[in-house]
Amino acid sequence: MTMEHFAALTGAQAETAPRKAKNPLPGFGLSIGYTLTYLGILVLVPLSTIVFKTAAMPWREFWATISASRAIAAYGLSFVGALSAGAINCIFGTLLAWVLVRYRFLGRKLLDALIDLPFAVPTAVAGIALTAVWGPHGPIGEPLNNMGVQVAYARLGVLVAMVFVGLPFVVRTVQPVLDGLSADVEEAAATLGAGRVRTFFAVILPHMAPALFTGFALSFARALGEYGSIVFISGNMPGRTEITPLLIMTKLEQFDYRGATALAVVMLLASFAVLFMVNSIQWKRKSHSKSFATVPRVRSFLKG
Amino acid sequence: MKIDVRNISKSFGYFPALNQVNVTVPSGELVALLGPSGSGKTTLLRVIAGLETPEYGNVLFGDTDVTEHPVRSRNVGFVFQHYALFQHMTVSQNIAFGLRVRKTSKTAAAERVNSLISLMQLDGLGNRLPSELSGGQRQRVALARALAPEPKVLLLDEPFGALDARVRQDLRRWLRHLHDEIHVTTVFVTHDQEEAFEVADQVVILNKGAVEQSGSPDDIFDHPANSFVMDFVGNVNVLTGHMDGYGSYFHNLVLPDKSPSIGTVPAKVYIRRQDISFAASKDKTPFIEGVITYARRVGLVVHAVFQLSNSTTSIEVELPFDEWQSLGIQVGASVVAFIKRAQVFPVLEQAS
Amino acid sequence: MTTLPSTTARTIRTASIGGASEPFWLRATLIAISLGFIFIVLLLPLYVVFQTAFRDGVRTYWNALTDTDTASAIQVTLLAVAIAVPLNMIFGFAAAWSITRFEFRGKRFIVSLIDVPFAVSPVISGMIFILMFGADSVLGAWLSTYGIKVVFALPGIVIATTFVTFPFVARELIPVMQTQSAEQELAALTLGASPWRMFQLVTLPNIKWGLFYGTTLCAARAVGEFGAVSVVSGHIRGETNTLPLHVEVVYNEYHFSAAFAVATLLVAVALITLGAKSVAEWMETNKTLEQKKWAMEEVQ
């Protein structure tokens, strides 16, 4: 039957308005109503204050605030720190995911559970604990200090805290992809004469590259915004070990709300750009990978 | 309870799922909605259940218009294609669900559940979880659960679709038998014509959202209303012929189908594989001559291909092995074929 | 069969471990590096927390926990949890129900909005509420004429906590409910169940482990949130300090063992969360395994 035929037949019925399609499941009005009200009050309205505050600010003042040398130094530390932490986490995160998926050894399950520790431990606790470990009198900080390497109250300390908070993101995004990689692909590579190293770089790495990048970006975004664990270990010296969120905090404590807002806008744009990239990669992955379903769980840990 | 579907139309976006469909299910009958995928049969079943809202038209249970009634007050028993059993409940709890939410007393509910368990031959499985049952058992639990609150009508969506061939055979007969016992008005959806013909009192054939034919299985088999039905029901050869005011013709053969037409028009000739037989001599008319190009025994029957002389047209034939053997013909042999029965439909000018 | 890649892949791999695997020395080295890394980065800090907490004896530890300021910090924290968690549970279910069971325009926008607290630095999360309710905002000025103080007071802490923890339940429930089709709920309706009975008898039992874990995460985060709460609290000792803020205050006064003593409470919450995760995952894996077995049988 053609479309015209259909249209002609229903034409007789078209005199009265069609019934609206109705989902037989109950509660749509109530649930969407609560959801929208909640999101409106809790997210949209508060976020819009940033827009209003920024709009009310003269451009010259805005620019002066975000381009002050102290701010530039803070961006630099946040950015380079988050980037380095992301890279370190990619290496160790992949290693951990590999070991957890491929090998069976005593304590594997415990190790697996421990990976989530940085998600679960409050950032303030992480901050003081890391300071105690890496500080001048700590079990690792002391020997390093004797060798002339200062970690706590220096830029290295910022890096240590950023590695700590970002580690689970890489492990938890790479793990399911490695788990889902079927052995026959590797075996095929092996029968074709490829060695283990060659197989890893030619077969396994390309397969997990999107997940690795997602993990990197999530770890990076988390490190960029991190506050609690860093403020204890960094020493907070303006221009040297002061991260951007701390600078915002300082301005808030001085009741310089406009200055804080201006810096917040810079940070928000940076993190939204990162999340946007992650999402576009995930959409691509979704089309050909079943392991996508595990990503939301990882993401729900973000900042946790 | 009689079901009356009147002028139902429903579309999903631009896709017309149902187009002015009219179906009547007499009280206590077992009716099959048969059609290929995308024919709208499942949508129609869901409209009757109240799981979909039709854009136009009405659904009546008896004399009551239930079109606007919500699902839960329609009192229908619905068996989902994948059963939708409550996985965290035991078999007994699943069956008792409809009674529990209707606040039936515990003793009455237990009694009803027990009688259904034995009726459905689920004895001893009451405390199992759905995950511990076989496919056929899950099917019967779903049926028992739907029947427990004594629904006015029972609706089944591809009830045997997810089962393997042998279980399907058994359950088919068992469903027929069950229906003869409880006589609840039943509608089931299937894409398998054999299933529909074996189980149902009445078959409704749907195609592209419209009813092509409805009637008893015999009626549909013997008098298909149009070429779609003929094509869909059974394994047929579709050949090109023509018809005029006196009869139908195929390959210089006058066919036993007498349907006349106005003027001479091209026609499609439908011949079932079983409606052709062979002979070594030309003792019956009408006959056609040709060569056997392929033959293969499949159990008790032989599948053969018969190519017409002076033509590229081939006809597929299925005949009993005994008959084939007694004829003593081989591949490559010239034979004479008789057509026992044929259906001819004029080829209409088509817009599409 | 395509729904079963992980289990089958794993079985095959274990069976063929000799065929495409690394030599023993390499495996041992990789495991050793992993364990060493985890020991230094994760375990050592955890150990140091307890070591420092008990450094000056059990009595000091106990005194730190029973201090009046600690008690008040616990009270403030519990208050924030008691308000934020139920609100976010309801939100999580409402959002997951509407997103996974209905089609409507703007769904993707809503899903992205749910991610906002994850994308925003905790300091900014606190800041937006200062901008909204602070003394120089319209709303803040209006509220203060009625004597209501939000920022640098309890309401601010509760609101900031609610904001940073609201995605957790929704984020757990959405994938869980997406994998379960609506058929069981529809079946309940055809059997005559009212919306409430359908929710209570069918929906809730099917999502209970996701809900349990999401709620645990939400509560743990509500207890442990530092940055956002730090911005809005005003750090008034004995009044607007939550447990993490109290840890900071005590630490900055150089009472290290007392600070770490309070921190052990928060570590305990974290360990409970990890335990809950393992339990919830274990329960869910069992369920999915059964469903997979089921699906397998149907294919065969």
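Please read all numbers here as calculations on a predicted model, not as lab measurements.

Calculation criteria
- Residues numbered from 1 in each chain as written.
- Chains lettered and ligands numbered in written order.
- Predicted model: local features only at pLDDT ≥ 70, side-chain atom pairs only at ≥ 80, totals over all residues.
- Heavy atoms only, no water.
- Helix = DSSP H or I, 4+ residues; strand = E, 2+ residues; numbered from the N terminus.
- Contact = heavy atoms within 4.5 Å.
- Pairing = 2+ DSSP bridges.
- Phe/Tyr/Trp six-rings, centres within 6.5 Å; stacked < 30°, edge-to-face > 60°.
- Buried < 20%, exposed > 50% of the residue type's maximum accessible area, 1.4 Å probe, protein only.
- Lys NZ or Arg CZ within 6 Å of the ring centre and 35° of its normal.
- Buried area = accessible area lost by both parts, 1.4 Å probe.
- Salt bridge = Lys/Arg side-chain N within 4 Å of Asp/Glu carboxyl O.
- Polar contact = N/O pair within 3.5 Å; in protein donor to acceptor, adjacent residues only side chain to side chain.
- Nonpolar A, V, L, I, M, F, W, Y, C, P; charged D, E, K, R; others polar.
- Expected span 1.5 Å × (residues − 1).
- Axes fitted to C-alpha atoms, helices over the stretch in contact; angles between N-to-C directions.
- Parallel < 35°, antiparallel > 145°, perpendicular 65-115°, else oblique.
- Left-handed = near helix turned anticlockwise from the far one by under 90°.

## Quick look at the overall build of chain C
Okay, step 1: Scanning chain C from terminus to terminus reveals 15 helices and zero strands.
Okay, step 2: For chain C, the share of sequence-separated contacts (at least 6 apart) that also reach a separation of at least 24 residues comes to 74%.

## Some words on the pairing of strand β16 (residues 287-298) of chain B
Residues and elements named next belong to chain B.
Okay, step 1: Sheet topology places β16 next to strand β19 (residues 334-339); five bridges connect them, and they run antiparallel. The residue of β19 that forms the bridge with Val291 is Ser334.
Okay, step 2: With eight bridges joining them, β16 and strand β17 (residues 301-308) adopt antiparallel strand pairing. Within the sheet, the bridge partner assigned to Gly290 lies in β17 and is Leu308.
Okay, step 3: Here β16 folds back onto β17, and the loop between the two strands holds two residues, one of which, Gly299, carries a positive phi near 65 degrees.

## Some remarks on the packing of aromatic side chains
Okay, step 1: Taken as a whole and judged by the stated rule, the model has 38 aromatic pairs over all chains.
Okay, step 2: Measuring from centroid to centroid gives 5.6 Å for Trp98 of chain A and Phe200 of chain A, while their planes differ by 75 degrees, and the two rings are edge-to-face. Here the residue Trp98 of chain A occupies a position in helix α4 (residues 69-102), and Phe200 of chain A occupies one in helix α11 (residues 196-225), the gap between them amounting to 102 residues.
Okay, step 3: Exposure remark for Trp98 of chain A: the relative accessible area of 8% places this residue in the buried category.
Okay, step 4: Classification of Phe200 of chain A as partly exposed rests on a relative accessible area of 22%.
Okay, step 5: Between Phe232 of chain A and Tyr251 of chain C, the ring centres sit 5.4 Å apart and the planes meet at 85 degrees, which makes this aromatic pair edge-to-face. Placement of Phe232 of chain A in helix α12 (residues 228-234) and of Tyr251 of chain C in helix α14 (residues 243-252) is noted, with the two residues assigned to different chains.
Okay, step 6: Given a relative accessible area of 6%, Phe232 of chain A falls into the buried group.
Okay, step 7: For Tyr251 of chain C, a relative accessible area of 10% corresponds to the buried category.
Okay, step 8: An aromatic cluster of at least three residues, connected via ring pairs, comprises Phe28 of chain A together with Phe93, Trp97, Phe102, Phe104, Trp196 and Phe199 of chain C.
Okay, step 9: Between the NZ or CZ atom of Arg145 of chain B and the centre of the ring of Phe86 of chain B, over which it lies, the distance is 4.5 Å.

## Re the interface of chain A and chain C
Okay, step 1: Every contact between the two is made by 96 residues of chain A and, on the other side, 100 residues of chain C.
Okay, step 2: A buried area of about 8800 Å², summed over both sides, lies between chain A and chain C, and 76% of it is on carbon and sulfur atoms.
Okay, step 3: Remark: the boundary between chain A and chain C carries two salt bridges.
Okay, step 4: A salt bridge links Asp116 of chain A to Lys277 of chain C; the nearest nitrogen and oxygen atoms lie 2.4 Å apart.
Okay, step 5: Between the two partners, chain A and chain C, sit eight residue pairs in polar contact (both at pLDDT 80 or more).
Okay, step 6: Take the side of chain A that touches chain C: its biggest share by element is 17 residues, from helix α2 (residues 28-55) of chain A.
Okay, step 7: Of the residues contributing to the side of chain A that touches chain C, the split by class is 69 nonpolar, 14 polar and 13 charged.

## Brief notes about the sheet that holds strand β4 (residues 56-61) of chain B
Residue and element names in this part refer to chain B.
Okay, step 1: In spatial order, the strands read β2-β1-β4-β5; together these four strands make up an open sheet with antiparallel pairing. The outermost strands of the open sheet, each flanked by one partner alone, are β2 (15-25) and β5 (64-65).
Okay, step 2: For strand β1 (residues 3-12) and β4, the ladder comprises five bridges, and the chain directions are antiparallel. Paired with Val5 across the strands is Val59, a residue of β4.

## Digging into the environment of Leu139 of chain C
Residues and elements named next belong to chain C.
Okay, step 1: Among the structural elements, Leu139 can be located in helix α8 (residues 138-145).
Okay, step 2: You can call Leu139 partly exposed: its relative accessible area is 33%.
Okay, step 3: Counting along the chain gives 67 residues from Leu139 to Ser72, while the straight-line C-alpha distance between them is 29 Å.

## A word on helix α7 (residues 122-133) of chain C
All names here are of chain C.
Okay, step 1: A rise of 1.5 Å per residue sets the reference length of α7, with its twelve residues, at 16 Å; its end C-alpha atoms lie 17 Å apart and thus fit the reference within 8%.
Okay, step 2: Within α7, twelve of the twelve residues are buried, which leaves the element mostly enclosed by the surrounding structure.
Okay, step 3: Residues of α7 that are buried include every one of Pro122, Val123, Ile124, Ser125, Gly126, Met127, Ile128, Phe129, Ile130, Leu131, Met132 and Phe133, and no others.

## Re the packing of α2 of chain A against helix α9 (residues 154-165) of chain C
Okay, step 1: Where α2 of chain A meets α9 of chain C, the closest approach of the two axes is 10 Å, and the angle between their N-to-C directions is 110 degrees. It follows that α2 of chain A is roughly perpendicular to α9 of chain C by the angle criterion. Seen along the crossing, α2 of chain A lies across α9 of chain C with a hand that is left-handed. Here Tyr38, Leu42 and Val43 of chain A of α2 of chain A come into contact with α9 of chain C, specifically with Ile159, Thr162 and Phe163 of chain C.
Okay, step 2: Of the residues belonging to the contact of α2 of chain A with α9 of chain C, the class tally is five nonpolar, one polar and no charged.

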